[in-house]
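Geometric and topological summary
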Amino acid sequence: MAVRAVRGAVQLEVDEASHMDEQVGALLTAVLERNDLTADDLISIWFTATPDLHCDFPAAAARKLGIVDVPLICAQELDIQGAMPRVVRVLAHIESDKPRADIAHVYLGAAAALRKDIAQ
């Protein structure tokens, strides 16, 4: 098995904990499904959120999905003028036999505009 990295992002409509849980949960579910992964394939997940999100930790959504024994960390994105607001990004380290080129990076909704080159 090789160690691979999967990227993804989602833009929240509002800064509310239940909405973050829903949207981050959808993002993580899509990352797992599109890459034929289970929680056992996860090594670690790094979450970032733009500075305008205050309602909760994105990692809390992962725990609610049952991802309980994987190291998770949250950080704040740089506060760049003109950047897309209310965005949660994910960088998941995984074990996979897939070649790097076959990894499906997941950018949901408006966040697809962030990485048109790799969004699927």
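The structure under discussion appears in the preceding block.
Bear in mind the structure is a predicted one, so any value in this text is a computation, not a measurement. (Residues numbered from 1 in each chain as written. Predicted model: local features only at pLDDT ≥ 70, side-chain atom pairs only at ≥ 80, totals over all residues. Heavy atoms only, no water.)

1. A short note on empty space enclosed by the protein
- What the rule picks out here adds up to one cavity of 30 Å³ or more.
- Of the voids in this model, the largest cavity is the one considered here, and its volume is about 40 Å³.
- Forming the boundary of the largest cavity are L28, V31, L32, L42, I45, I67 and A92.
- If you list the elements that add at least two residues to the lining of the largest cavity, you get α1 (17-34) and β2 (42-49).
- Of the residues forming the lining of the largest cavity, the biggest block, three residues, is contributed by α1.
- Class assignment of the residues belonging to the lining of the largest cavity gives a composition of seven nonpolar, no polar and no charged. (1 Å grid on protein atoms, 1.4 Å probe; cavity = no way out; pocket = protein on both sides within 12 Å on 5 of 7 lines; lining within 4 Å. Points joined across faces, edges and corners; volume = space filled by probe spheres on them. Helix = DSSP H or I, 4+ residues; strand = E, 2+ residues; numbered from the N terminus. Nonpolar A, V, L, I, M, F, W, Y, C, P; charged D, E, K, R; others polar.)

2. Re unusual backbone geometry
- The phi angle at D36 is positive, at roughly 50°, despite the residue not being glycine.
- Position of D36 among the secondary structure elements: in the loop between α1 and β2.
- With a phi close to 55°, R86 is a non-glycine residue in the positive phi region.
- With respect to the secondary-structure elements, R86 resides in the loop between β3 (72-76) and β4 (87-96).
- Residue class for R86 comes out partly exposed when judged on its relative accessible area of 26%. (Buried < 20%, exposed > 50% of the residue type's maximum accessible area, 1.4 Å probe, protein only.)

3. With respect to the nonpolar core
- In this structure, L28, I45, F47 and V88 are the most contacted members of the largest nonpolar core, which totals 29 residues.
- Sorting the residues of this core by element identifies β1 (2-11), α1, β2, α2 (58-64), β4 and β5 (106-108) as the ones contributing at least two each.
- For this core, the element with the highest residue contribution is α1, accounting for seven residues.
- Leaving out residues up to four positions away in the same chain, I45 has contacts with L28, V70, P71, L72, I73, V90, L91 and A92. (Core = buried A, V, L, I, M, F, W, Y, C linked by side-chain atoms within 4.5 Å. Contact = heavy atoms within 4.5 Å.)

4. Examining the environment of I67
- As for its placement among the helices and strands, I67 is situated in the loop between α2 and β3.
- For the pair I67 and L28, spaced 39 residues apart in sequence, the C-alpha to C-alpha distance is 9.9 Å.
- When near neighbours in sequence (up to four residues on either side) are disregarded, I67 contacts L28, A39, L42, A62 and L72.

5. Observations concerning α1
- Between the first and last C-alpha of α1 there are 25 Å, a value that for 18 residues agrees with the 26 Å anticipated at 1.5 Å per step.
- Residues of α1 that are buried include every one of H19, M20, D21, Q23, V24, G25, L27, L28, A30, V31 and L32, and no others.
- Buried residues along α1 sit against β1, β2, α2, β4 and β5.
- At the C-terminal side of α1, D36 shows a positive phi close to 50°. (Expected span 1.5 Å × (residues − 1).)

6. What about the pairing of β1?
- Examined bridge by bridge, β1 and β4 share ten bridges and lie antiparallel to one another. Following the sheet pairing, A5 is matched in β4 by H93.
- Of the strand pairs in this sheet, β1 and β5 are connected by three bridges, and their pairing is parallel. Of the residues in β5, the one forming a bridge with V10 is L108. (Pairing = 2+ DSSP bridges.)

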